[in-house]
Amino acid sequence: MGPAGSFIELLKHVEAPYFMFCDQDDVWLNDKVEVTVKALTHADDVPHLVHTDLKVVNERLEPICESFMEHQRFSTTEAERFERMLMQNIIVGCTVGGNRKLLEACGLLADSPPAGVVMHDWWLGLVAKTLGHVTYIDRPTILYRQHGKNTLGAPGSNFRRYIWLLRNAKPWKKAQIYLGKVSRQAESFLLYYGARLSSHDRNCLMKVAEITKSWRVPGLVRCFASGITMHAFDRNVALLLSNLVAR
């Protein structure tokens, strides 16, 4: 079923007031549950999602980087803006905790769930941001183990990695596929929640949903001009150039 499908299926069995996702290859720090649940109780009357930083380690649990967010060059402050959440997700599922309100509002448990969900954690983050509250805890609660077989992992984002990708992986193809998924997810979110959103959020979603309706570059430029971007200048340039190649 893949990671998203598996976790969505598991959500159907949640009976507790709170839920947390657990990946079998990571190590939870001793106070992870306590820290997350304590934060969740501060906004229990609305859909609420809590996520945290991670400590990146190798397969022997030896440190690679003290902060996953720094390792990936993510701005956790900027990530709180809806515009940034639309183009790139920084909510790491294995750190997530949510409440019953989020579970009821997410639509993933419906007989006809929303189509186009890229990842479960991303979708839940969008729901919590627009209909409730997202809390980020600026400290690791997990040892994020890298072992060469991770479904996603923490590959880094430095210049050396970009050179390797250019030589080995046709990254422009992946970028084109990625943008298509982002656009479909925005369209699905707009269809599912449009009537409950602010005009600002609806307009942002419309811009992203329309990117793939024609040549993508003008749509991307309109998004960038509205602050709907990824989390680093070079990522935005790479996304733009990759879809320029696709014409």
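The rules behind these values
Residues numbered from 1 in each chain as written. Predicted model: local features only at pLDDT ≥ 70, side-chain atom pairs only at ≥ 80, totals over all residues. Heavy atoms only, no water. Helix = DSSP H or I, 4+ residues; strand = E, 2+ residues; numbered from the N terminus. Buried < 20%, exposed > 50% of the residue type's maximum accessible area, 1.4 Å probe, protein only. Contact = heavy atoms within 4.5 Å. 1 Å grid on protein atoms, 1.4 Å probe; cavity = no way out; pocket = protein on both sides within 12 Å on 5 of 7 lines; lining within 4 Å. Points joined across faces, edges and corners; volume = space filled by probe spheres on them. Nonpolar A, V, L, I, M, F, W, Y, C, P; charged D, E, K, R; others polar. Expected span 1.5 Å × (residues − 1).

**Notes on the overall build of the chain**
In terms of helices and strands, the chain carries 11 helices and six strands. Burial status across the chain gives 49% buried among its 247 residues. Contacts in the chain between residues at least 24 apart in sequence constitute 75% of all its contacts with a sequence separation of at least 6.

**What to know about the layout of surface pockets**
Of the pockets and cavities examined, the second largest pocket occupies roughly 190 Å³. Surrounding the second largest pocket, 16 residues form its lining, His51, Ala79, Glu80, Met85 and Val134 being those nearest its centre. Listing elements by their share of the lining of the second largest pocket, those giving two or more residues are α4 (82-87) and β6 (133-146). Here the element with the most residues in the lining of the second largest pocket is β6; it accounts for four residues. Taken together, the residues of the lining of the second largest pocket break down into six nonpolar, seven polar and three charged.

**Quick word on helix α6 (residues 120-131)**
Over its 12 residues, α6 extends 16 Å from the first C-alpha to the last, a length consistent with the 16 Å expected when each residue adds 1.5 Å. In terms of burial, α6 is a largely internal element, 11 of the 12 residues being buried. When we look at burial in α6, the residues that qualify are His120, Asp121, Trp122, Trp123, Leu124, Gly125, Leu126, Val127, Ala128, Thr130 and Leu131.

Just geometry here; none of it tells us what the structure is for.
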